[in-house]
Amino acid sequence: MSGQLQGKIAVVTAAGQGIGRAIAEAFAAEGATVHASDLDLGKLDGLDASKARLDVTDTDAVNAYAAAVGGIDILANVAGFVHHGTVLDCEESDWDFSFDLNVKSMHRMIRAFLPEMLTRAAANGTSGSIVNMSSGASSLKSAPNRYVYGATKAAVIGLTKSVAQDFIRQNIRCNAICPGTIESPSWHERVDELGKSVGGADKALQMFVDRQPIGRVGRVEEVAALAVYLASDSAAFTTGTAIPIDGGWTL
């Protein structure tokens, strides 16, 4: 590793597994001091990070966590949930939970951490970076049975652009990563669930692979590498973007 994040302080949500853990590990490997949180504290074992249990749907808990952590340079909002189904499968409770976890949690985290990020960026003469996890299934592309999920991830792109616009002259950058299908524990759960209706997990896995123009699903380390770039000073001229990393799925 090249130490791209040396001296920087980062917060990563949903860092216990999958993309969130890969980002926390990559940030630490690049020299950042990492504050890793997850709803399941046990999943954070083994990370080179300060660890905390955090429910990002709890405003008071988020505010208390931000106060305890203090000033940071990097905020990676990764927590999210994939609801499966069409509008006819989406109860109001599904809608509310999906938007609370996938969108409002980012609002909570940004609102809680941004004041000290602004102070730190001004004091150091550097840019702070907010990295939000969106999806290819968003305003970029539709996907079957991703009704409320796609709506939430489109909202994340809108949120990202708004924050980028409002703080562009105050050395705060805000970008969204839009993954396609990425191999992770939650993805394997979706493969197993789909397998029940299509004739087995192997067939379900092949269905996911077949929809990827590049011929494979992505790896969490590939998403983490993009997050490192967006968090680093190398991306100092990059803000307000929604960057696909999807093997050509949104082409």
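Here is what the cut-offs are and how they apply
- Residues numbered from 1 in each chain as written.
- Predicted model: local features only at pLDDT ≥ 70, side-chain atom pairs only at ≥ 80, totals over all residues.
- Heavy atoms only, no water.
- Helix = DSSP H or I, 4+ residues; strand = E, 2+ residues; numbered from the N terminus.
- Rg over C-alpha atoms; globule rule 2.2 N^0.38 Å.
- Buried < 20%, exposed > 50% of the residue type's maximum accessible area, 1.4 Å probe, protein only.
- Contact = heavy atoms within 4.5 Å.
- Lys, Arg positive; Asp, Glu negative; His and termini not counted.
- Charge placed at Lys NZ, Arg CZ, Asp CG, Glu CD.
- Patch = residues over 30% accessible without salt bridge, like charges linked within 9 Å, V, L, I, M, F, W, Y side chains within 5 Å.
- Areas by Shrake-Rupley, 256 points an atom, 1.4 Å probe, with all protein chains shown as cover.
- Salt bridge = Lys/Arg side-chain N within 4 Å of Asp/Glu carboxyl O.
- Disulfide = S-S within 2.5 Å.
- Pairing = 2+ DSSP bridges.
- Right-handed = clockwise from strand over helix to strand, strands pointing away.

1. Observations concerning the overall build of the protein
In step 1: Helix and strand counts for the protein stand at seven helices and nine strands.
In step 2: Here the protein has a C-alpha radius of gyration of 18 Å; the compact-globule value for 251 residues is 18 Å, and the two agree.
In step 3: Once the C-alpha set of the protein is aligned to its principal axes, its extents read approximately 60 × 40 × 35 Å.
In step 4: Sorting the 251 residues of the protein into buried and exposed places 49% on the buried side.
In step 5: The contacts in the protein between residues at least 6 apart in sequence include a share of 70% that link residues at least 24 apart.
In step 6: In the protein, 21 positive and 28 negative side-chain charges are present, and the distance between their average locations comes to 5 Å.

2. Looking at a negative patch on the surface
In step 1: Among the surface-exposed residues, D89, E91, E92 and D96 lie close enough to one another that they form a single negatively charged patch.
In step 2: Relative to the assigned elements, E91 resides in the loop between β4 (74-77) and α3 (92-124).

3. Focus: a nonpolar patch on the surface
In step 1: A cluster of nonpolar side chains, contributed by V87, L88, W95 and Y147, occupies part of the molecular surface with about 420 Å² of accessible area.
In step 2: Inspection of the secondary structure assignment puts Y147 in helix α4 (residues 147-166).
In step 3: Taking relative accessible area as the criterion, Y147 reaches 36% and is therefore assigned partly exposed.

4. As for the state of the cysteines
In step 1: Overall, the coordinates contain zero disulfides when judged by the stated rule.
In step 2: Take C174: it sits in no disulfide, and the sulfur closest to it among the cysteines is that of C178, at 12 Å.
In step 3: For C174, a relative accessible area of 0% puts it in the buried group.
In step 4: C178 sits in the buried class, given a relative accessible area of 0%.

5. Quick word on the side chain of N132
In step 1: Tracing the backbone shows N132 in strand β5 (residues 128-133).
In step 2: By relative accessible area, N132 is classed as buried at 0%.
In step 3: Setting aside residues up to four positions removed in sequence, N132 forms contacts with N77, M106, I110, V156, L159, T160, C174, N175, A176 and I177.

6. Structural notes on the pairing of strand β6 (residues 172-179)
In step 1: Counting buried positions along β6 yields eight of eight residues, so the element is predominantly enclosed.
In step 2: Burial of β6 is two-sided: the residues I172, C174, A176 and C178 facing one way and the residues R173, N175, I177 and P179 facing the other way are all buried.
In step 3: The sheet contact formed by β5 and β6 spans six bridges and is parallel. Looking across to β6, one finds that S129 is bridged to R173.
In step 4: Once the chain exits β5 it traverses α4 before rejoining the sheet at β6, and the crossover so formed is right-handed.
In step 5: Bridging between β6 and strand β9 (residues 242-245) involves four bridges; their strand directions are parallel. The partner of I177 across the bridge, within β9, is I243.

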